[in-house]
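# Understanding the architecture of this molecule
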Protein chains: 2
Amino acid sequence: MVDPKEKHLPEARGIYSEFLKKNKMFFTKERTQLLDFIFEQKGHFSADELMFEMQKADVKVSRATLYRSLSQMVEAGILSESDFGHGHTHYEIAIGNKPHVHLICTDSGDVREVYSQKLEDALNDLARKEGFKIKRYKIQVFGVSKGSRKQASKL
Amino acid sequence: MVDPKEKHLPEARGIYSEFLKKNKMFFTKERTQLLDFIFEQKGHFSADELMFEMQKADVKVSRATLYRSLSQMVEAGILSESDFGHGHTHYEIAIGNKPHVHLICTDSGDVREVYSQKLEDALNDLARKEGFKIKRYKIQVFGVSKGSRKQASKL
DNA sequence: CTGGTTGCAAACGATTTGCACCCGC
DNA sequence: GCGGGTGCAAATCGTTTGCAACCAG
C-alpha cells in the first residue's frame, strides 16, 4: 500500500497537465518538481512537512507556490485534503487510492487509514436516497486504538 | 428535529457542571449564559455567528470567553465540532443528537444532516475489527444536492 | 511578445494567550 | 481570601495575496 503511488505518477502528470491546459495555465518547472516530489511522499503530509522535506532534497519552491499548487492538485482530484484537528491541513495522494476512513487516535495522535466496502455501500445508499451526488467524502473517526493508551490525562 | 434541544438543556447543565467541578472550575455567570444561549441555536453555528447573535440578544460575553467555553463544551461532550471547509469551525449540540452525516453541497454551500443506521453499523464493525474504540466521528460528504445546481463555474 | 507565474513580504482571519482586574465558592 | 475567570488587546499561525520581476508557449 505504499508503492502503488509511484506507478500513478504518470497518470497524475496527465491529469494535472489536462487540468492546467483547461484553465489556461502552464506546466511550469515548479509545478513539475512539486508533483514529482509529492509522489515520493508516503501517507499524509502537511504543507509544512513538504516544505521541510523539499529543503532537505534541494527542491526550491516557495511556500506561496506550494500552497497554490496544492490547491490546484486538490481541485484536479490528484490530492485530497483532511483535517485531523492538528491545526493544519493534511494532504494525501488521491489517485489510485480509494476513499477511506481515518482512524485518529486521540492518545497517540496516530492516524491509520482503513477501507470498508460496507461503509462505502452505506454511503452510496444514503446519497441515492437523498438525491445527492457524491463528489468526495471524508470520514474521521476519533478514538483510542488498542495499542496506544498513553499516560492518562483523563480521569 | 429542532425542538429536542430545549429538553436537553437541563441534561447539558448537569454535564457541564460535573465537567467543571471535576476540573476545579466554576460555573460562572458567563458560562451559564453561554450554555443557555447555545441551546437556543438551531443546527450548526460558528463562533462568529454566535458572537453576532449574542450581541443582538444582549448577551455580553467576550470572544475570548466564547472560544474558551466552546472548547470546554466540546471536551465535555456537549457540543461537537465540524469543519465544512468554510475556513472556520462549526459547532452543534451533541447531546440527544446521534452522530450523523453532513451532506455538503459544493454548489449552494448548503449543509444537510442525515442519519443512517447502516452506516453506523458499518463503522462499528470496522472499529471492532481494527481494535479501535470510537469516541466520536465526523463524516462529511461533499457533492451536489439535487435541488441546487447553481450557475456553472465548472463546465 | 504576452499573459500566466514566482517569490517575497505583507496581509488575513480564525483562534489563542498574557495580563490586570474581577468573582465564585 | 484564594484560585480560577474575564475582557482586552496583542500575539499566533496556517494560509492567502499584492506586486515586480520572470518564464512558458
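What you are looking at is a predicted structure, and each value in this text was computed from that prediction instead of being measured.

### A look at the overall build of chain A
Scanning chain A from N- to C-terminus turns up five helices and six strands. When the elements of chain A are put in sequence order from the N terminus, they spell out α-α-β-α-α-β-β-β-β-α-β. When its C-alpha atoms are laid out on the principal axes, chain A stretches across 55 × 45 × 25 Å. Residue burial in chain A is summarised as follows: out of 155 residues, 43% are buried.

### Thoughts on the relation of the copies chain A and chain B
For the pair of chain copies, the relating transformation is a rotation about an axis with a translation along it. Superposing chain A onto chain B takes a rotation of 180° plus a shift of 0.0 Å along the axis, which leaves an RMSD of 0.1 Å. What the rotation and shift describe, once combined, is the action of a two-fold rotation axis. Of every C-alpha in chain A, the one belonging to Ile139(A) sits nearest the axis of rotation, 2.2 Å from it. Of the interface residues in chain A, 100% have counterparts in chain B that sit at the interface too, so the contact is made through matching surfaces.

### Considering the protein's contact with DNA strand D
As a matter of local geometry, DNA strand D sits amid 21 residues, with Tyr67(A), Thr28(B), Arg31(B), Ser62(B) and Thr65(B) nearest to it. In DNA strand D, the atoms that sit within 4 Å of the protein are 75% sugar and phosphate, with bases accounting for the remainder. A distance of 2.5 Å separates a phosphate oxygen of DNA strand D from a polar atom in the side chain of Tyr67(A). In this structure, a phosphate oxygen belonging to DNA strand D sits 2.5 Å away from a side-chain N or O atom of Ser62(B). Sorting the residues of the surface near DNA strand D by element identifies helix H4 (63-76) of chain A together with helix H2 (29-38) and helix H4 (63-75) of chain B as the ones contributing at least two each. For the surface near DNA strand D, the element with the most residues is H4(A), which contributes four residues. Split by residue class, the surface near DNA strand D holds eight nonpolar, six polar and seven charged.

### Overview of the pattern of salt bridges
By the definition in use, this model includes 16 salt bridges over all chains. In this structure, the salt-bridge partner of Glu130(A) is Arg112(B), at a minimum N-O distance of 2.7 Å. Of this pair, Glu130(A) sits in helix H5 (residues 117-130) while Arg112(B) is found in strand S5 (residues 111-114), placing the two residues in two different chains. Assessed through its relative accessible area of 30%, Arg112(B) is described here as partly exposed. A salt bridge links Lys29(B) to Glu30(B); the nearest nitrogen and oxygen atoms lie 3.9 Å apart. Here the salt bridges do not stand alone but share partners, grouping Lys118(A), Asp125(B) and Arg128(B) into one network.

The rules behind the values
- Position labels on residues start from 1 in each chain and follow its written sequence.
- Chains carry letters from A onward and ligands carry numbers from 1 onward, assigned in written order.
- Given that the model is predicted, a residue must reach a pLDDT of at least 70 before its local features are reported, and side-chain atom pairs must reach 80 or more before they are shown or counted; all residues, however, enter totals for whole chains, interfaces and linings.
- Each side-chain value is worked out from all heavy atoms of the structure, with water and hydrogens disregarded.
- For the purposes of this entry, the term helix denotes a DSSP run of H or I that reaches at least four residues, the term strand denotes a run of E that reaches at least two, and both are numbered from the N terminus.
- We call a residue buried when its accessible area falls under 20% of the maximum for its residue type, exposed when it is over 50%, and partly exposed in between, using a 1.4 Å probe and counting protein chains only.
- To superpose the copies, least squares is applied to the C-alpha atoms of every residue with a pLDDT of at least 70 in both.
- Pairs of residues are marked as contacts when any of their non-hydrogen atoms sit within 4.5 Å.
- To be near a molecule or strand, a residue needs just one of its heavy atoms within 4 Å of it.
- Here a polar contact means two N or O atoms within 3.5 Å. Within protein one must be a hydrogen donor candidate and the other an acceptor candidate, and residues neighboring in sequence count only if both atoms are side-chain atoms.
- When residues are sorted by character, Ala, Val, Leu, Ile, Met, Phe, Trp, Tyr, Cys and Pro go into the nonpolar class, Asp, Glu, Lys and Arg into the charged class, and all the rest, Gly among them, into the polar class.
- We count a salt bridge whenever a side-chain nitrogen from Lys or Arg sits within 4 Å of a carboxyl oxygen from Asp or Glu.

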